[in-house]
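# Per-entry structural report
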Amino acid sequence: MDGDKNRKDGQAKNKQCPYQKCNASQTTTNQPTNQTPSPQSPESYAEGSQPSSPSPDFGQHVLPCSDMSPQPGPTLRDHRHSLSGLGTANGAMSATSPVNAVVKASSTGTLSSAPPPFHAHNSKRENKLPTTVGDCVSNFPFSCSGPLVNNFVRSGSCSANAGKTANGGFDADLFASGHIFFPQSSPLLAASTPQNQAVYNWQATKTSVKERLTYLYNTDTMTDIQFKVGKPPAHQIISAHKFILSIGSAVFDALFNGRLATSDSIIEIPDVEPAAFSALLRFLYTDDVQIGPETVMTTLYTAKKYAVPALERACVEFLKRNLSSDNAFMLLTQARLFDEPQLAALCLETIDKNTSEALAADGFTDIDLDTLCVVLERDTLGIRECKLFSAVCRWAEAECLRQNLIPPTSENQRRVLSKALRLIRFPLMTVEEFAMGSAQSGILEDREVVELFLYFTVNPKPSISFLDVPRCCLTGKEQVVSRFCQIESRWGYSGTSDRIRFMVNRRIYVVGFGLYGSIHGPTEYSVNIQIIHMDSTKVMGSNDPTFQCDGTTSTFRVMFKEPVEILPNTSYIACATLKGPDSYYGSKGLRKVTHESVSSGKVTFQFTYAAGNNNGTSVEDGQIPEIIFYT
């Protein structure tokens, strides 16, 4: 053949093998150069120069050169095979175009023309040409830190995905023989290789599937889809692999492989944060969960959007571990939005146990009306109703500003509260609390204020449009501490209060007392019960109920309207003023009682004498034998 003849002539005359410049307008030119730098000096290979040794002959495998191709003979080339032709979308060889000059550099960019050629050099065999790809690559003199053989392809292709077969797989025969390196000073390396580009034979150092997929996640190797994530100007371009995403998410599977699969090479996702999308990809590639307080909610949204339940659960578990009274309302809103009932229940339980702290947090005023109603409907809030009303008024002011109802007058506050106003239990307030607060707020109508004053002052109680069910059923198990070891008979009442001083070692919520009943058979007592803060003499809780006794030595429950928070290592006075016949009483009282339960642990009570007129009740004997509480 003419090509063989040319090569033999070149060897005899110690000339270069001819190369053809490839472009769209020049198809059959054969122009050998006359410059012959020393083969021992790779640095002397200037752009456009040729080695003194003939070109190696290894069939269809040729040395990579973006603008030169070997000439087996004077064969006409189609213009589609020139460097100006376009390759496939991912940079792999096209079935109809053996020369593909589209280089995948971080999934973008095109290789510039005229990079320097590469030359085979063997210090041991100066004039002996390699006959295989393995011989060629083993004798190649250059080394560098950039990409290796994945820029070396069949038929002169110069793609970053070079070495792939037409279906996207690697040609094992091409890579099995040795390493091929770019010269360190090559402009081809700088133009087409990102810093995170893969190096040749990276697979050999990865001993597990997870390590290999982690490597793919951290580089742009073999990526075939891009996402534009976030809203401009903060959006980011993120590359990925369709196959890996499809096996991890049914949504991605439908997007790429479904009946209505997209053909777009860049998919826009404006409603997802880039950091959250990266966390999703990391999980799909490596099973690693990388979330923090700032990204957990956006990651949870992204996991739900793309149907990755394992990542959803990881986000929910993270939120559970970091749930506190400060963020309970914020997380409750998100849990309801994302339909996470388990997380919502935990948020509500936290609000029940730390109602005052949760209502004081900034996140409370940001919740929506429906979430506010869910909270106000609960019987388990550990707060006095007057304080709850004050917190609701703060929420109403913030809502007025959000709805541009300025100024936030009482009329506007009533308007935004709407159905939530009926969920505030005004009858649970004392008449003093109602008169000093709610009645003067302007939120209630005059008719409602009169109706509630009548409820506080007359008997029988008139029907009202507000709930009067006590908020005293805290979550968990009700517990009772008893301070007497024996029961005696005949304890009289003359309008004086029975009082006992107590202190606990941890925070509890007192919901009522257990009192002794009549020694004369079934009787009804009217009673006033109170808990008084010892140092400030402030009444922490009170109620004026009646109770029926059956004439036995049993104790009878008398409950507060709402739980009374008892702080640790603080002195309080339990007070009960009964009106009725003589009753039983306790004796052989204990100064220190430790109550223990499986669910809540130990609570230690210390009882001491309450100075003043206490109707004779003391640590040793008297009334108020039991305190009913929740932890």
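Scroll up for the structure.
Quick summary incoming for the structure in this document. (Residues numbered from 1 in each chain as written. Predicted model: local features only at pLDDT ≥ 70, side-chain atom pairs only at ≥ 80, totals over all residues. Heavy atoms only, no water.)

## Looking at the side chain of Thr371
Stated formally: In this description a helix means any DSSP run of H or I spanning at least four residues, a strand means any run of E spanning at least two, and both kinds are numbered starting from the N terminus. Relative accessibility thresholds used throughout: buried, under 20% of the residue-type maximum; exposed, over 50%; partly exposed, between the two (1.4 Å probe, protein chains only). Nitrogen and oxygen atoms within 3.5 Å of one another constitute a polar contact, given that in protein one can donate a hydrogen and the other can accept it, and given that sequence-neighbouring residues count only through two side-chain atoms.
Here Thr371 lies in helix α14 (residues 369-376). Assessed through its relative accessible area of 0%, Thr371 is described here as buried. Within the structure, the side chain of Thr371 is placed 3.1 Å from the side chain of Arg336, a separation counted as a polar contact.

## Quick word on the sheet that holds strand β9 (residues 508-516)
Spelled out, the test is: By the convention used here, strands pair only if DSSP detects at least 2 bridges between them. Helix axes are fitted only over the stretch in contact, all axes being lines through C-alpha atoms; the angle between N-to-C directions runs from 0 to 180 degrees.
Overall, antiparallel pairing links the four strands, which are arranged β6-β18-β9-β13 in an open sheet. Of all the strands in the sheet, the pair left with one neighbour each is β6 (479-482) and β13 (555-566). Sheet twist, expressed as the mean angle between neighbouring strand axes with direction ignored, is 25°. In terms of strand pairing, β9 meets β13 through eight bridges, oriented antiparallel. Bridge pairing in β13 places Gly514 opposite Arg557.

## As for the sheet that holds strand β5 (residues 266-269)
Using the following cut-off: It only takes one pair of heavy atoms within 4.5 Å for two residues to be counted as in contact.
An order of β4-β3-β5 is seen for the three strands of this open sheet, with the pairing classed as mixed. Edge positions in the open sheet fall to β4 (236-240) and β5, since each of these has one partner strand only. The sheet shows a mean angle of 25° between the axes of neighbouring strands, taken without regard to direction. Where strand β3 (residues 225-229) meets β5, four bridges bridge the pair, whose relative direction is parallel. For Gln226, the partnering residue across the bridge sits in β5 and is Ile266. Its contacts with the sheet place helix α8 (residues 274-286) against β3, β4 and β5, and it is angled at close to 10° to β4.

## A look at the pattern of salt bridges
Oppositely charged side chains may form a pair once their charged atoms are brought near each other. Put simply, the rule is: A pairing counts as a salt bridge when a side-chain nitrogen of Lys or Arg comes within 4 Å of a carboxyl oxygen of Asp or Glu.
Evaluation of the coordinates by the stated rule reveals 21 salt bridges. With a closest N to O distance of 3.1 Å, Lys210 and Asp288 form a salt bridge. Taken together, the residues span a long stretch of sequence, with Lys210 in helix α5 (residues 209-218) and Asp288 in the loop between α8 and α9 (296-305) at a distance of 78 residues. Of the charged contacts in the structure, one is a salt bridge between Lys353 and Glu349, with a shortest N-O distance of 3.4 Å. In this pair, Lys353 and Glu349 both sit in helix α12 (residues 341-353), four residues apart, roughly one turn of the helix. Looking at Glu349, the relative accessible area reads 31%, which means it is partly exposed. Within the structure, one salt-bridge network assembled from shared partners comprises Arg414, Arg422, Glu445, Arg447 and Glu448.

## Digging into the packing of aromatic side chains
Our working definition: Put simply, two rings from Phe, Tyr or Trp (the six-membered ring, in Trp's case) pair if the centres are within 6.5 Å, and we call them stacked under 30 degrees between planes, edge-to-face over 60, tilted for the rest. In this scheme, Lys NZ or Arg CZ marks a charge over a ring once it lies within 6 Å of the ring centre and within 35 degrees of the ring normal.
Evaluation of the coordinates by the stated rule reveals 25 aromatic pairs. Ring plane angle 75° and centroid distance 6.5 Å describe the contact between Phe252 and Phe277, whose orientation is recorded as edge-to-face. Pair noted here: Phe252 is in helix α7 (residues 250-257) and Phe277 is in helix α8, with a separation of 25 residues, a long-range link. Take Phe252 and Phe277: they sit in the same class, and that class is buried. Between Phe329 and Phe364, the aromatic rings sit 5.0 Å apart at their centres with planes inclined by 65°, giving edge-to-face as the arrangement. One end of the pair, Phe329, is in helix α11 (residues 328-337); the other, Phe364, is in the loop between α13 (355-360) and α14, and 35 residues separate them in sequence. Across this residue pair, the class does not change: Phe329 and Phe364 are buried. Members of the aromatic cluster, connected to one another through ring pairs, are Phe389, Phe426, Phe434, Phe453, Tyr455, Phe456 and Phe466. Across the ring face of Phe607, the terminal group of Arg483 is positioned such that the distance to the ring centre comes to 5.8 Å.

## Looking at α8
Going by this rule: Expected span of a helix: the number of residues minus one, times 1.5 Å.
Under the 1.5 Å per step criterion, the end-to-end length of α8 is 18 Å for 13 residues, consistent within 8% with the ideal 18 Å. Of all 13 residues making up α8, 10 are buried, and the element is well covered by its neighbours. Within α8, the full set of buried residues consists of Pro274, Ala276, Phe277, Ala279, Leu280, Leu281, Phe283, Leu284, Tyr285 and Thr286.

## Brief notes about the pairing of strand β16 (residues 592-597)
Covered by surrounding structure in β16 are Val593, His595 and Ser597 only, the residues Lys592, Thr594 and Glu596 on the alternate face being uncovered. In this structure, the hairpin formed by β16 and strand β17 (residues 601-608) is closed by a connection of three residues.

## Some words on the environment of Thr604
Counting through the fold element by element, Thr604 comes out in strand β17. On the accessibility criterion, Thr604 (15% relative accessible area) is buried. For Thr604, the residues in contact, after removing those within four places along its chain, are Met503, Val504, Asn505, Lys592, Val593 and Thr594. In this structure the side chain of Thr604 is engaged in a polar contact, spanning 3.3 Å, whose partner is the side chain of Thr594.

## Side note on the packing of α9 against helix α10 (residues 309-321)
Basically, it comes down to this: The cut-offs work like this: below 35 degrees is roughly parallel, past 145 is roughly antiparallel, 65 to 115 is roughly perpendicular, and the gaps in between are oblique. Helix crossings are classified by the rotation of the near helix relative to the far one: an anticlockwise turn of less than a right angle makes the crossing left-handed, while a clockwise turn makes it right-handed.
Put simply, α9 and α10 touch, their axes get as near as 8 Å, and they point 155° apart. With respect to α10, the axis of α9 lies roughly antiparallel. Like other packed secondary-structure pairs, α9 and α10 cross with a definite hand, here left-handed. Facing α9, whose interface residues are Val296, Met297, Thr299, Leu300, Ala303 and Lys304, α10 presents Leu311, Glu312, Cys315, Val316, Phe318 and Leu319.

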